[in-house]
Amino acid sequence: MPSNPDDGIRETPTGLGFRMPAEWIPHAATWIAWPHHRADWPGKFETIPWAFAEFARLIARGEPLRILVNDAAHEGRARRVLSSSAIPTSRLQFLRRPTNRSWSRDFGPIFLRRNGLRPEIAVARFRFTAWARYPDWRRDDAIPPFAAARARLRLFPIRHRGREVVLEGGSIDVNGRGSILTTEECLLDPRVQTRNPGFSRTDYETVFREALGATNVLWLGRGIAGDDTHGHVDDICRFVNPRTVVLARERNARDVNYRALAENRERLQGMRLEDGSRLQVVDLPMPGPVVFDGQRLPASYANFYIANAAVIVPTFNDPNDRYALGILAELFRDRPVVGVHATDLVLGKGSIHCLTQQEPLP
């Protein structure tokens, strides 16, 4: 991909008419990777496949699931759990392709869509390096080209300044019309978990414009405590329609997340959308602290997934569960908002959105 937006623009995904669509448009399928990395859920792994089955059941009401499995034995275990959850086999497509972990949002294919007389789906091939934190990532990194090849989709290797760009799906959120949310903590910190050494704000804005069709970048500051991705935006702020975001808000001034979330709110109040109109910001409460072995976990209601047949929201047996579900139900009138218990899932330092990746319809 050219580094200068004026040079060879027809060669970029945006120049060819592609952009990353919003999550709420109709899906052809949802991608997940069946769990197998026990170290992600220490002492709780036996419960995790059943937690997967619960949100998979809700997704399957409205779309197929493309399920990455390591081998035949792994597929067999997944089939037994999913069949016990009464998910129709017609909704399940198993793909034998090994992964390192199950966080499909971050390593899975980022799909692009082109409208017009001949609608087309393509894949933006960003690289994945396990959040610039863990050494085992090469299997995960191979999933986007695998997905493009199996569906015979165009694959766009995303390059900037002469090198391949590293980007995780959980670090961005789009409204499908040109605006994109991200955080400085994740992408611009030069010392901690640096994905693309030397990249500036301008470099990322060029990549977003040329690769994703996002011309308006809404830069937030920091993410929440316990997030070992170092600031993914899908734990704090999400588009719910082209003009509205929900923003996690901590009311307890003594909580470690209070200042970072308050600063993000201040930023958003002065931001505009791609057409210059004011952004609507709706508060979404935070659950009380979820702690395991003395460590704060990144529990957040913002880590919901917008499937065809439901908005699936992580819940934590917390008094704020019902408030969060009620707020989201007011915003999503076209599909039910359903809570799924996620206290075990978040032990892996991620939740429902982190474990899913949508494939849009053409």
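The structure under discussion appears in the preceding block.
Because the structure is a prediction, the values reported are computed rather than measured. (Residues numbered from 1 in each chain as written. Predicted model: local features only at pLDDT ≥ 70, side-chain atom pairs only at ≥ 80, totals over all residues. Heavy atoms only, no water.)

Regarding the overall build of the protein
Heads up, the rule is: Runs of H or I in DSSP of at least four residues are treated as helices and runs of E of at least two as strands, each being numbered from the N terminus. For this measure, only C-alpha atoms enter the radius of gyration; the expected value for a globule follows 2.2 Å times N^0.38, where N is the number of residues. Only protein chains enter the area calculation, which uses a 1.4 Å probe; residues under 20% of their type maximum are buried, those over 50% are exposed, and those in between are partly exposed. Should any heavy atoms of two residues lie within 4.5 Å, those residues are counted as being in contact. All accessibility values rest on the Shrake-Rupley procedure with a 1.4 Å probe; residue burial counts only the protein chains present in the view. Here the positive residues are Lys and Arg and the negative ones are Asp and Glu; neither His nor the chain ends is included. Where a charge sits is defined by one atom per residue type, namely NZ (Lys), CZ (Arg), CG (Asp) or CD (Glu).
Across its full length, the protein carries 10 helices and 20 strands. Relative to the 2.2 N^0.38 estimate, which gives 21 Å for 362 residues, the radius of gyration of the protein is 19 Å and therefore close to what a compact globule would have. Here the protein, with 362 residues, has 59% of them falling under the buried criterion. Intrachain contacts of the protein at a sequence separation of at least 6 include 76% that bridge at least 24 residues. Approximately 14500 Å² of the protein is accessible, and the part contributed by carbon and sulfur atoms is 48%. Of the charged side chains in the protein, 50 are positive and 42 negative; the average position of the first set lies 3 Å away from that of the second.

A closer look at the sheet that holds strand 12 (residues 237–241)
Going by this rule: What makes two strands pair is DSSP finding at least two bridges between them. Working convention: axes come from line fits to C-alpha atoms, limited for helices to the stretch in contact. Angles between N-to-C directions cover 0 to 180 degrees.
Ordered by their spatial adjacency, 3 strands build an open sheet running 12-13-14, and the pairing between neighbours is mixed. Two strands lie at the open edges of the sheet, namely strand 12 and strand 14 (280–285), each paired on one side alone. The mean angle between the axes of side-by-side strands here comes to 35°, regardless of whether they run parallel or antiparallel. As judged from the 4 bridges shared by strand 12 and strand 13 (residues 244–249), these two strands associate in the antiparallel manner.

Concerning the sheet that holds strand 11 (residues 216–220)
Whether parallel or antiparallel, the strands of a sheet pair through hydrogen bonds between backbone atoms. Judged by pairing direction, the sheet is mixed, and its 3 strands sit side by side in the order 9-10-11 without closing on themselves. Unpaired on one side and paired on the other, strand 9 (173–174) and strand 11 mark the two borders of the sheet. Each of strand 10 (179–183) and strand 11 touches helix 8 (residues 201–212); the most contacted strand, strand 11, lies at about 135° to it.

Comments concerning the packing of helix 1 (residues 48–60) against helix 2 (residues 72–84)
Stated precisely, the cut-off is as follows: Orientation labels follow simple angle bins: below 35 degrees gives roughly parallel, above 145 gives roughly antiparallel, 65 to 115 gives roughly perpendicular, and whatever is left gives oblique. Two helices cross in a left-handed way if the nearer one is turned anticlockwise from the farther one by less than a right angle. They cross in a right-handed way if the turn is clockwise. When residues are sorted by character, Ala, Val, Leu, Ile, Met, Phe, Trp, Tyr, Cys and Pro go into the nonpolar class, Asp, Glu, Lys and Arg into the charged class, and all the rest, Gly among them, into the polar class.
Viewed as axis vectors pointing N to C, helix 1 and helix 2 meet at an angle of 55°, and their least axial separation amounts to 9 Å. In terms of their interaxial angle, helix 1 and helix 2 are classed as oblique. Helix-helix and strand crossings are classified by hand; for helix 1 and helix 2 the assignment is right-handed. Packed against helix 1, whose contacting residues are Pro49, Trp50, Ala53 and Ala56, the element helix 2 presents Val81, Leu82 and Ser84 at the interface. A breakdown of the residues in the contact of helix 1 with helix 2 according to their chemical character gives 6 nonpolar, 1 polar and no charged.

Examining the pattern of salt bridges
Which entries qualify depends on this criterion: A pairing counts as a salt bridge when a side-chain nitrogen of Lys or Arg comes within 4 Å of a carboxyl oxygen of Asp or Glu.
Enumeration according to the criterion identifies 29 salt bridges in this entry. The partner of Glu54 in a salt bridge is Arg57, with the nearest N and O atoms 2.6 Å apart. With a gap of 3 residues between them, Glu54 and Arg57 both fall in helix 1, about one helical turn apart. Of the residues examined, Glu54 reaches a relative accessible area of 30% and is grouped as partly exposed. Of the charged contacts in the structure, one is a salt bridge between Arg127 and Asp141, with a shortest N-O distance of 2.4 Å. Taken together, the residues span a long stretch of sequence, with Arg127 in the loop between strand 5 (120–125) and helix 4 (130–133) and Asp141 in helix 5 (residues 138–141) at a distance of 14 residues. Of the residues examined, Arg127 reaches a relative accessible area of 21% and is grouped as partly exposed. Several salt bridges share partner residues, and in doing so they unite Glu23, Arg105, Asp173 and Arg238 into one network.

Some remarks on helix 10 (residues 321–331)
Rules: Arc, as used here, means the arc of the directions from the helix axis to the C-beta atoms.
For helix 10, the set of buried residues is Asp321, Ala324 and Leu328. Buried residues of helix 10, seen end-on, are gathered within an arc of 70° and therefore sit on one face of the element. Facing away from the buried surface of helix 10 by more than 90 degrees, the exposed residues are Arg322 and Glu330. Considering only its buried residues, helix 10 is in contact with strand 13, strand 14, strand 18 (311–315) and strand 19 (337–341).

A look at the side chain of Thr183
Locating Thr183 in the fold gives a position in strand 10. On the basis of relative accessibility, which here comes to 0%, the residue Thr183 falls in the buried class. Among residues more than four places away in sequence, those in contact with Thr183 are Ser171, Trp219, Leu220, Gly221, Gly231, Val233 and Ile236.

Details of the packing of aromatic side chains
Quick reminder of the rule: Each Phe, Tyr or Trp ring, with Trp reduced to its six-membered ring, pairs with another whose centre is within 6.5 Å; inter-plane angles below 30 degrees give stacked pairs, above 60 give edge-to-face pairs, and intermediate values give tilted ones. For a Lys NZ or an Arg CZ to count as sitting over a ring, it must be within 6 Å of the ring centre and within 35 degrees of the ring normal.
Following the criterion strictly, the structure yields 14 aromatic pairs and no others. Ring centres 5.5 Å apart and planes at 40° place the aromatic pair Trp41 and Trp103 in the tilted group. One end of the pair, Trp41, is in the loop between strand 1 (27–33) and helix 1; the other, Trp103, is in the loop between strand 3 (92–96) and helix 3 (104–107), with 62 residues separating them in the sequence. Between Phe128 and Trp131, the aromatic rings sit 5.2 Å apart at their centres with planes inclined by 90°, giving edge-to-face as the arrangement. Lying across the ring of Tyr134, Arg101 places its NZ or CZ 4.5 Å from the centre.

Quick look at the environment of Glu266
Counting through the fold element by element, Glu266 comes out in helix 9 (residues 258–269). With relative accessibility at 57%, the residue Glu266 sits in the exposed group. Along the sequence, Glu266 and Leu187 sit 79 residues apart, while their C-alpha atoms lie 20 Å from each other.

Things to note about the pairing of strand 2 (residues 65–69)
Stated formally: By convention, orient the strands away from the viewer: a clockwise path from the first strand over the helix to the second makes the crossover right-handed.
Taken across its 5 residues, strand 2 has 5 buried, putting it largely inside the fold. Across 4 bridges, strand 1 lies against strand 2 in parallel orientation. Looking at the pairing, Ala33 lines up with Leu68 of strand 2. Handedness of the β-α-β unit built from strand 1, helix 1 and strand 2 comes out right-handed. Relative to strand 3, strand 2 is paired through 5 bridges, and the arrangement is parallel. Looking at strand 3, one finds that Leu65 is bridged to Leu92. Since strand 2 and strand 3 lie parallel, the crossover through helix 2 that links them has a hand, and here it is right-handed.

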